[in-house]
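Observations on chain architecture
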Amino acid sequence: MTDEAGVRLPRWLKPMNRAMAAVGRIGVSLPMALLTVPGRKTGKPRTTPVTPFEYHGDEYVLGGIPGADWVKNVQAADTAELKVRRRRRVVRLVEIPASESEPVLREFPRLVPTGVPIMIKSGVVTSDDPDEFAALAGRCVLFRIDDV
């Protein structure tokens, strides 16, 4: 399956996201966070696993698959809920301009090594080279997580 940006989405990605969200909802502690945001068309809550990371004192999350539905939902929403382990908080995800996201993206492979294989398998990048991740600026959306 290929999305509108021409990225090859792994067949297992959506079912895995659904399963991880279900496991997290029943209270099992996950190595990632669950982001819940209203669907832009239905308004129904949509939950997806994400991996927040810290860079220079701010918390970020990367929309690592260009054109992902959850990214579009976040862009249309005012706030979202972020659940990390058993702690829930209301957040606003602020889209970082491409010109400012490059240094953060360059550090992504070091800060979130678990996210790199998914991006490679999806065809977003070909390696964990920091320059390749920096080049994603403007292609993949980077959000800063602000508490509301």
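Residues numbered from 1 in each chain as written. Predicted model: local features only at pLDDT ≥ 70, side-chain atom pairs only at ≥ 80, totals over all residues. Heavy atoms only, no water.

Taking an unreviewed UniProt entry as the reference, the protein chain is identified by name as Nitroreductase family deazaflavin-dependent oxidoreductase belonging to Nocardia testacea.

1. Section: the pairing of strand β7 (residues 141-147)
Regular strands place their side chains on alternate faces of the sheet. Formally: Whether two strands pair comes down to DSSP finding at least two bridges between them. Here a helix means four or more residues in a row that DSSP labels H or I, a strand means two or more in a row labelled E, and each is numbered from the N terminus.
Sheet topology note: the strand β4 (residues 58-63)/β7 ladder contains 5 bridges and is antiparallel. Across the sheet, V61 pairs through a bridge with F143, a residue of β7. Direction of pairing for strand β6 (residues 87-95) relative to β7: antiparallel, over a ladder of 5 bridges. The partner of E95 across the bridge, within β7, is F143.

2. Some points on helix α2 (residues 69-76)
Rules: Burial classes follow relative accessibility: with a 1.4 Å probe on protein chains only, a residue under 20% of its type's maximum area counts as buried, one over 50% as exposed, and anything between as partly exposed. Throughout, the arc means the angular range of directions from the helix axis out to the C-beta atoms. The contact criterion used throughout is that any non-hydrogen atoms of two residues lie within 4.5 Å.
Those residues of α2 not exposed but buried are W70, V71, N73 and V74. Relative to the axis of α2, the buried residues are bounded by an arc of 160 degrees and lie together on one face. Next to the buried residues of α2 lie β1 (33-38), β2 (45-50), β4, β6 and β7.

3. Considering the sheet that holds β1
Where we set the bar: Fitting a line to C-alpha atoms yields each axis, with helices limited to the stretch in contact; the angle taken between N-to-C directions then spans 0 to 180 degrees.
Pairing is antiparallel in the open sheet, where 7 strands are placed in the order β2-β1-β5-β6-β7-β4-β3. Each edge of the open sheet carries a strand with a single partner, namely β2 and β3 (53-55). Going from strand to strand, the sheet's axes swing by 40 degrees on average, the running direction of each strand aside. The strands touched by α2 are β1, β2, β4, β6 and β7; relative to β7, the strand with the most contacts, the crossing angle is about 50 degrees. The strands touched by helix α3 (residues 98-111) are β3, β4 and β7; relative to β3, the strand with the most contacts, the crossing angle is about 130 degrees.

4. Observations concerning the environment of V141
Among the secondary structure elements, V141 is positioned in strand β7. Distance from V141 to V61, taken between C-alpha atoms, is 8.7 Å for residues 80 residues apart in sequence. Apart from residues no more than four positions distant in its own chain, V141 is found in contact with V61, L62, G63, V71, Q75 and E95.

5. Here we look at the packing of aromatic side chains
This is how the line gets drawn: Two rings from Phe, Tyr or Trp (for Trp, the six-membered ring) form a pair when their centres are within 6.5 Å of each other. A pair whose planes differ by under 30 degrees is stacked, one over 60 is edge-to-face, and the rest are tilted.
Following the criterion strictly, the structure yields 5 aromatic pairs and no others. Relative to F108, the ring of F53 lies with its centre 5.5 Å away and its plane at 80 degrees, an arrangement referred to as edge-to-face. With F53 in strand β3 and F108 in helix α3, this residue pair connects regions lying 55 residues apart in the sequence. For the residue pair F53 and F108, the accessibility class agrees, reading buried in each case. Each residue in the set F53, Y55, Y60, F108 and F133 is aromatic and connected to the rest through ring pairs, giving one cluster.

6. Re α3
Let me state the cut-off plainly: Every helix has an expected span of 1.5 Å times one less than the residues it contains. Throughout, bend refers to the angle between the axes fitted to the seven residues that end at a position and the seven residues that start at it.
The first and last C-alpha atoms of α3 sit 19 Å apart over 14 residues, in line with the 20 Å expected at 1.5 Å per residue. Bending of α3 peaks at approximately 30 degrees at the position of V104. By the burial criterion, the buried members of α3 are S101, V104, L105, F108 and P109. Close packing links the buried residues of α3 with β3, β4, α4 (116-121), α5 (130-134) and β7.

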